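# Structure assessment
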Amino acid sequence: EAGVVQSPRYKIIEKKQPVAFWCNPISGHNTLYWYLQNLGQGPELLIRYENEEAVDDSQLPKDRFSAERLKGVDSTLKIQPAELGDSAVYLCASSGDGYNEQFFGPGTRLTVL
Amino acid sequence: LAKTTQPISMDSYEGQEVNITCSHNNIATNDYITWYQQFPSQGPRFIIQGYKTKVTNEVASLFIPADRKSSTLSLPRVSLSDTAVYYCLGYNQGGKLIFGQGTELSVKP
């Protein structure tokens, strides 16, 4: 069974440029999460989707970050414009119902120059 | 969700049993204790989850005392491949995981 797929794995951009990350969750998982992980720290939740609805986006910096999950399957996280401080790993995860564990993708490592 | 506290790093040798203790003094009644493992350049991976007493699976054991203010992850006979960061989290039905800094376990030959 395929796990959570993310692309690209690595991205290097200049500051003020836009960037987008894509995530395809495990088939049948209705809940999708985007996390940000800085070096040496644990992941921090940015946004959580239940199907196509964003049910928790309280930690998403909405001035420059946006996300969508059209049709309740795959999702895209966008940053526009990127800042130096956005350099981090962006992780996507998905889970089934209830207390099920979250399955994480490998992440996208973003470097902003 | 409860704030968790765990050692920043631990060292061990191959074949030893490793116990990582996590403090969660303010854990809520409906929080489960969950542990994740993360290797470099990978996303975290679920290890084990429990509510109280002892839970065991093919990878680890989790001990949670009656007051639930702490928990201990036990890894039997670690190998070099168990070198990773281990996160202790409180988890409830809201689905929100709050990761701390984790414990960086280094297993030496």
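In case you missed it, the structure is sitting above this.
Parameters and conventions
Residues numbered from 1 in each chain as written. Chains lettered and ligands numbered in written order. Predicted model: local features only at pLDDT ≥ 70, side-chain atom pairs only at ≥ 80, totals over all residues. Heavy atoms only, no water. Helix = DSSP H or I, 4+ residues; strand = E, 2+ residues; numbered from the N terminus. Rg over C-alpha atoms; globule rule 2.2 N^0.38 Å. Buried < 20%, exposed > 50% of the residue type's maximum accessible area, 1.4 Å probe, protein only. Contact = heavy atoms within 4.5 Å. Areas by Shrake-Rupley, 256 points an atom, 1.4 Å probe, with all protein chains shown as cover. Lys, Arg positive; Asp, Glu negative; His and termini not counted. Charge placed at Lys NZ, Arg CZ, Asp CG, Glu CD. Buried area = accessible area lost by both parts, 1.4 Å probe. Salt bridge = Lys/Arg side-chain N within 4 Å of Asp/Glu carboxyl O. Nonpolar A, V, L, I, M, F, W, Y, C, P; charged D, E, K, R; others polar. Polar contact = N/O pair within 3.5 Å; in protein donor to acceptor, adjacent residues only side chain to side chain.

## Topic: the overall build of chain A
In terms of regular secondary structure, chain A is built from 0 helices and 11 strands. The secondary structure elements of chain A, listed N-terminal to C-terminal, are β-β-β-β-β-β-β-β-β-β-β. Its C-alpha atoms give chain A a radius of gyration of 13 Å, within 12% of the compact-globule value 13 Å for 113 residues. Dimensions of chain A along its principal axes, counting C-alpha atoms only, are 40 × 25 × 25 Å. When burial is assessed residue by residue, chain A has 45% of its 113 residues classed as buried. In chain A, of all internal contacts separated by at least 6 residues, the share reaching a separation of at least 24 is 52%. Summed over its atoms, the accessible surface of chain A is roughly 5700 Å², and 48% of this surface lies on carbon and sulfur atoms. Separation of charge centres in chain A, based on 11 positive and 15 negative side chains, amounts to 9 Å.

## Quick notes on the interface of chain A and chain B
Many structure descriptions define interface size as the accessible area lost when the parts assemble. In this complex, chain A contributes 21 residues to the contact, which on the side of chain B involves 21 residues. Contact between chain A and chain B buries roughly 1600 Å² in total, counting both sides, with carbon and sulfur atoms accounting for 47%. Inspection of the chain A/chain B interface yields 0 salt bridges. Put simply, the parts of the chain that give the side of chain A that touches chain B at least two residues each are β4 (31-37) and β5 (44-50) of chain A. Looking at the side of chain A that touches chain B element by element, the count peaks at 3 residues for β4 of chain A. In terms of residue class, the side of chain A that touches chain B is made up of 8 nonpolar, 9 polar and 4 charged.

## Focus: unusual backbone geometry
At the junction of Ser7 of chain A and Pro8 of chain A, the peptide bond is cis and its omega measures out at -10 degrees in the coordinates. Structurally, the position occupied by Pro8 of chain A is in the loop between β1 (5-7) and β2 (10-13). Across the junction of Gln80 of chain A and Pro81 of chain A, the peptide omega takes the value -5 degrees, indicating a cis bond. One non-glycine residue, Arg68 of chain B, lies in positive phi territory at about 60 degrees. Inspection of the secondary structure assignment puts Arg68 of chain B in the loop between β6 (61-64) and β7 (70-75). Note on Arg68 of chain B: relative accessible area 7%, which makes it buried.

## Side note on the pattern of salt bridges
Residues and elements named next belong to chain A. One pass over the full model with this rule turns up 5 salt bridges over all chains. The closest approach of N and O atoms between Arg48 and Glu50, which form a salt bridge, is 2.7 Å. Take Arg48: its relative accessible area is 13%, and that puts it in the buried class. Residue class for Glu50 comes out partly exposed when judged on its relative accessible area of 28%. Here Asp86 and Arg64 are joined by a salt bridge, their closest N and O atoms 2.6 Å apart. Placement of Asp86 in the loop between β8 (75-79) and β9 (88-95) and of Arg64 in the loop between β6 (53-56) and β7 (65-68) is noted, with a sequence separation of 22 residues between them. Taken individually, Asp86 and Arg64 each receive the classification buried, so the pair is uniform in this respect.

## Some thoughts on the side chain of His29 of chain A
Residues and elements named next belong to chain A. On the secondary structure map, His29 appears in the loop between β3 (19-24) and β4. With a relative accessible area of 15%, His29 lands in the buried category. Within the local environment of His29, its side chain forms a polar contact with the side chain of Ser94, the two groups lying 2.8 Å apart. When neighbours within four sequence positions are excluded, His29 is seen to be in contact with Arg69, Ser94, Ser95, Gly96 and Phe103.

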